[in-house]
Amino acid sequence: KLCFEITETSAVRDLARAQALITRMRGLGCRFALDDFGTGFCSFNYLRMLDVDYFKIDGSFVRELSTSPLSTAVVRSITDIAHVLQKATIAEHTEDEAVCVTLRALGVDYAQGFGVHRPEPIDSYFASGPTTT
């Protein structure tokens, strides 16, 4: 039930150490997301050595989906590579339904941001019952 986020730049700094931590914690049932993916070293080679469960697509690409063909290509590429490696993707800064629709069309697995659900106290969230978003 617990998922840790590791930033791309910190993981690449010491791949062996990062993977050792992932292996130990995975033994306890934890999962891992590679955060800010696409903003760091932009080398896909190290991904084969880092056994994370999710690639979190940096919000700078997500925010520009409607105006930047390059951002769209980056999000699509990260998603395609993640799926080839049997990983899932999470898009940060998903601010509205239009972005959600675009992300679905690009094959992104999960979204995070106000377009999915606005922050609220945990008591309020559970009192309102399950959502279908």
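The rules behind these values
- Residues numbered from 1 in each chain as written.
- Predicted model: local features only at pLDDT ≥ 70, side-chain atom pairs only at ≥ 80, totals over all residues.
- Heavy atoms only, no water.
- Buried < 20%, exposed > 50% of the residue type's maximum accessible area, 1.4 Å probe, protein only.
- Helix = DSSP H or I, 4+ residues; strand = E, 2+ residues; numbered from the N terminus.
- Pairing = 2+ DSSP bridges.
- Contact = heavy atoms within 4.5 Å.
- Axes fitted to C-alpha atoms, helices over the stretch in contact; angles between N-to-C directions.
- Expected span 1.5 Å × (residues − 1).
- Arc of directions from axis to C-beta.

Remarks on the pairing of strand β2 (residues 31-37)
Then step 1. Across the 7 residues of β2, 5 count as buried, placing the element largely inside the fold.
Then step 2. Relative to β2, strand β1 (residues 3-7) is paired through 5 bridges, and the arrangement is parallel. From the neighbouring strand, Glu5 faces β2, where its bridge partner is Ala33.
Then step 3. Inspection of the sheet shows β2 paired to strand β3 (residues 54-57) by 3 bridges, in the parallel sense. Across the sheet, the residue bridging to Phe37 is Ile57, located in β3.

A few points about the sheet that holds strand β4 (residues 88-91)
Then step 1. Across the sheet, which stays open at both edges, the 5 strands sit in the order β1-β2-β3-β4-β5 with parallel pairing between neighbours. The sheet is open, and its two borders are formed by β1 and β5 (110-111), each paired with just one other strand.
Then step 2. Judged from the 4 bridges that link them, β3 and β4 form a sheet pairing that is parallel. Considered in β4, the bridge of Lys56 is made with Ile90.
Then step 3. Sitting on the sheet, helix α2 (residues 15-26) touches β1 and β2, and the angle it makes with β2 is about 145°.
Then step 4. Seen against the sheet, helix α4 (residues 69-84) touches β2, β3 and β4 and runs at an angle of roughly 175° to β3.

A look at the environment of Glu95
Then step 1. Topologically, Glu95 is positioned in the loop between β4 and α5 (97-105).
Then step 2. On the basis of relative accessible area, Glu95 is assigned to the partly exposed category, the value being 36%.
Then step 3. Spatially, the C-alpha atoms of Glu95 and His117 are 9.1 Å apart, while their sequence positions differ by 22 residues.

Details of α4
Then step 1. The terminal C-alpha atoms of α4 lie 22 Å apart, and with 16 residues this matches the ideal 22 Å at 1.5 Å per residue to within 8%.
Then step 2. Turning to α4, its buried residues number three or more, namely Ser71, Thr72, Val74, Val75, Ile78, Thr79 and Ala82. Along the axis of α4, the buried positions cluster into a sector of 165°, meaning they face one direction only. Along α4, exposed side chains directed more than 90 degrees from the buried face belong to Pro69, Leu70 and Val84.
Then step 3. The elements touched by buried residues of α4 are β2, β3, α3 (59-63), β4 and α5.
Then step 4. In the stretch just after α4, Gln86 is the one whose phi turns positive, near 60°.

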